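Structural features, examined
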Amino acid sequence: MDTLHVRLSHPLRSFRVELSLDVGRETVALVGPSGAGKTSVLRAVAGLLRPERGRIACGDELWFDSETKVLVPPERRSVGLVFQEYALFPHMTVAQNVAYGGRDGVAGLLETLGIAALAGARPGELSGGERQRVALARALARNPAVLLLDEPLTALDSHTRAHVRAELGEVLARLRLPTLLVTHDFQDAAALASRVGVLVEGRIVQVGSPAELVATPASPFVADFTGGNLLRGVARPGSGGLTEVRLDDGARIFSTDRLEGHVGAVVYPWEVAVAREAPVDSAQNHLTAPIASMVPVANRVRVRIGPLTAEITAASAERLELRPGDQVVASFKATGTRLVPLA
Amino acid sequence: MRRAFDVLIAVAAGVALAFLLLPIMALFVRISPGDLLDALWSDPALDALWVSVKTGLIAHAFVLVVGTPAAYFLATRRFRGRGVLVTLVELPLVLPPAVAGIALLALFSRRGLLGEQLDAFGIQLPLTQAAVVIAVAFVAAPFYVRQAIASFETVDRALIDASRTLGASPGRTFWRIALPLSATGLGAGSALAWARGTGEFGATIMFAGSLQGVTQTMPLAIYAQLDLNPDVAVAIGALLVLVSLTVLLSVKLLPSWTRFTSASLIRSAPSASS
């Protein structure tokens, strides 16, 4: 249905935000260090910031155009914005907060997001995770055509975070709204978004699926920033106290983390070893696949092997005479395989 | 050594309290409560009460109705010269009342800046009840506006933004978010302005005169009755003490019945440096 088109150019303190982005019925994440201009993009789409130049449209509805001097105020844009610290109205109950944007279906929304029991509570009495859900419910009560999430998980402690991330993923999958997510955490982006744009000093330096960014970073910065591989699968208790994860492509790996159900296995590229033959070591996970790509990053090389990216020194890549298409074995330890819950 | 110091500060506290409270107590012990009520029931006192209440209410309504949106404007909009304007709003606060009086005369009297124009409409302000309202509003408004600006400034900008993205116009946002969240501060400012307006003397006597039943407010009546009938003067004084005490208590108690204004849970968004 409606696609969000964003093209803008706006000066910030020391650089200019300059980007062009289309968001269909998908979740697109903008990731980057703090101060990269991520929030400015969201504010421009919501109408809270007037870009110096550009054009913002949702489907055939024009929200902003610097050429024809169109500027639709925030209240007339069909946007649901979840603020970084949630910005719940402290003097209203949860139900009043949610009903602020739209009265219809408030009870249903509270039910869907599992906060019906909190309807009469004030924001001050809620935990971080609960506040996040209230903020999401409030943004959705208006039936927005576009959903904007500003660091939706940053305000949460690491323990709550994993669970809220999984819940949020489920909700986003169900909504299928054009969703623009801003975060400084690549793992959050990888878990929630189908496409990720890396924003550095106001410019998108690379766009791609999370796996593509890990495998073929356009710059050392992107390589540093993306951190780990995220392998999706289903976890169940395995033998020897390990957790067995059946990946979406059928392969099985093991982790020392205990978790069940849909999970993401996070493996850092520099913890993956590459060999021609499978080493004889039962504590290791092995994935055998042809090399899909090889990208040099400084004096190292990122090697994409099946769903996984390994980072090895340029010297060892040379010693092994690795070439794209070669069948190799990627190995990584069960102890180095972190599991996070996923929708 | 330490004991000596303890004694010293305790004595200082005793002297200070006695100095501040004894004169006020003297007001109440000078005549019996019965005589006090009788004195209040006299024509000059009742006239003064009526003039004070009427002009006070009109002036206060004007201060609230114009001052609240004005304060919201100054608190939320960023423009060149804003700091200067905010400072100028507070000028009447430190202005000697006599200067306020002569300033109002300079603007509104027959030979004043606007005198001719007002005269053309048959309006003469000095020595009328309208002049009392103007004088009271002039000296009291800064107390309210200054506090209102401070209160609106503490409302988290993200809440205002959130309201807008949820479909509320700027007006509705002001009404449903900014106003309730500033209620405590606005209440305190309103009480202080009321207290200042009720006690107004200098500007009123210069600009409006002291005609019993027309422009003679309670403070003016105290001064007028001092020679004629000291008991009436004392009675009005005692009444004003009660009014002031009420204001003080309401300012002190206001914060406790509206706890929700503490928006500490929500970190304020980084504001654009002006």
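Just so we're clear, the structure is a prediction, and the values are computed from it rather than from any experiment. (Residues numbered from 1 in each chain as written. Chains lettered and ligands numbered in written order. Predicted model: local features only at pLDDT ≥ 70, side-chain atom pairs only at ≥ 80, totals over all residues.)

**A word on the domain arrangement of chain A**
Residue and element names in this part refer to chain A. The assigned domain composition of chain A is domain 1 (4-224) and domain 2 (229-341). Domain 1 and domain 2 are separated by 32 Å when their C-alpha centres are compared. With 14 residues of domain 1 at the interface, the matching set in domain 2 holds 15 residues. Elements that contribute at least two residues to the side of domain 1 that touches domain 2 include exactly α5 (158-175), α6 (186-192), α7 (210-215) and α8 (220-226). Residue contributions to the side of domain 1 that touches domain 2 peak at four residues, all from α7. (Domains from an automatic or database assignment. Contact = placed C-beta atoms within 7 Å. Helix = DSSP H or I, 4+ residues; strand = E, 2+ residues; numbered from the N terminus.)

**Comments concerning the interface of chain A and chain B**
Between chain A and chain B, the residue contacts involve 19 residues of the former and 19 residues of the latter. Split by residue class, the side of chain A that touches chain B holds eleven nonpolar, three polar and five charged. (Nonpolar A, V, L, I, M, F, W, Y, C, P; charged D, E, K, R; others polar.)

**Looking at the nonpolar core**
The biggest cluster of nonpolar side chains holds 170 residues, and the ones touching the most others in it are V45(A), V98(A), L148(A), A135(B) and A140(B). Considering each element in turn, this core owes the most residues, 17 residues, to helix α8 (residues 129-154) of chain B. Each of domain 1 (4-224) and domain 2 (229-341) of chain A contributes no fewer than three residues to this core. If we skip the residues at most four places from it in the chain, V98(A) touches V106(A), L109(A), L110(A), V134(A), A137(A), R138(A) and A141(A). (Core = buried A, V, L, I, M, F, W, Y, C linked by C-beta atoms within 7 Å. Buried ≥ 20, exposed ≤ 12 C-beta atoms within 10 Å, placed from the backbone.)

**Some words on α8(B)**
Residues and elements named next belong to chain B. The end-to-end C-alpha separation of α8 is 37 Å, in line with the 38 Å expected for 26 residues at 1.5 Å each. Along α8, the helix axis deviates most sharply at A140, where the bend reaches about 40 degrees; the proline P142 sits within four residues downstream. Within α8, 21 of the 26 residues are buried, which leaves the element mostly enclosed by the surrounding structure. (Expected span 1.5 Å × (residues − 1). Bend = angle between axes of the 7 residues up to and from the residue.)

**Observations concerning the confidence of the model for chain A**
Any residue range with low pLDDT should be treated as having predicted coordinates unsuitable for detailed reading. Of the residues in chain A, 99% have a pLDDT of 70 or more, and the chain-wide mean is 90. Strand β8 (residues 146-150) of chain A holds the highest mean pLDDT among the elements of chain A, 96, whereas α8(A) holds the lowest, 80. (pLDDT = per-residue confidence, 0-100.)

**Notes on the sheet that holds strand β19 (residues 308-313) of chain A**
All names here are of chain A. Strand order in the open sheet made by the five strands is β16-β20-β17-β18-β19, with antiparallel pairing throughout. Of all strands in the sheet, those bounded by a partner on one side alone are β16 (273-275) and β19. The average undirected angle you get between the axes of adjacent strands in this sheet is 45 degrees. In the sheet, β16 pairs with strand β20 (residues 327-333) via three bridges, with the strands oriented antiparallel. Its bridge partner being in β20, V274 is matched across the sheet by A330. (Pairing = 2+ DSSP bridges. Axes fitted to C-alpha atoms, helices over the stretch in contact; angles between N-to-C directions.)

**Some words on the packing of helix α4 (residues 128-140) of chain A against α5(A)**
All names here are of chain A. Interaxial distance between α4 and α5 falls to 10 Å at its minimum, and their mutual angle equals 20 degrees. Judged on the interaxial angle alone, α5 and α4 are roughly parallel. Viewed along their axes, α4 and α5 form a crossing whose handedness is right-handed. Judged by residue contacts, G128, G129, Q132 and L136 of α4 engage T160, H163, V164 and V171 from α5. (Parallel < 35°, antiparallel > 145°, perpendicular 65-115°, else oblique. Left-handed = near helix turned anticlockwise from the far one by under 90°.)

**Focus: the environment of N229(B)**
Along the chain, the position of N229(B) falls in the loop between α12 (218-228) and α13 (230-257). Here the alpha-carbon distance between N229(B) and P23(B), two residues 206 residues apart in the chain, equals 19 Å.

**Looking at unusual backbone geometry**
Residues and elements named next belong to chain A. At E201, a residue that is not glycine, the phi angle is positive and equals roughly 45 degrees. Structurally, the position occupied by E201 is in the loop between β10 (195-200) and β11 (203-208). Here E201 falls in the partly exposed class, since 16 other C-beta atoms lie within 10 Å of it. One non-glycine residue, E321, lies in the positive phi region at around 50 degrees. As for its position among the elements, E321 is in the loop between α9 (314-319) and β20.

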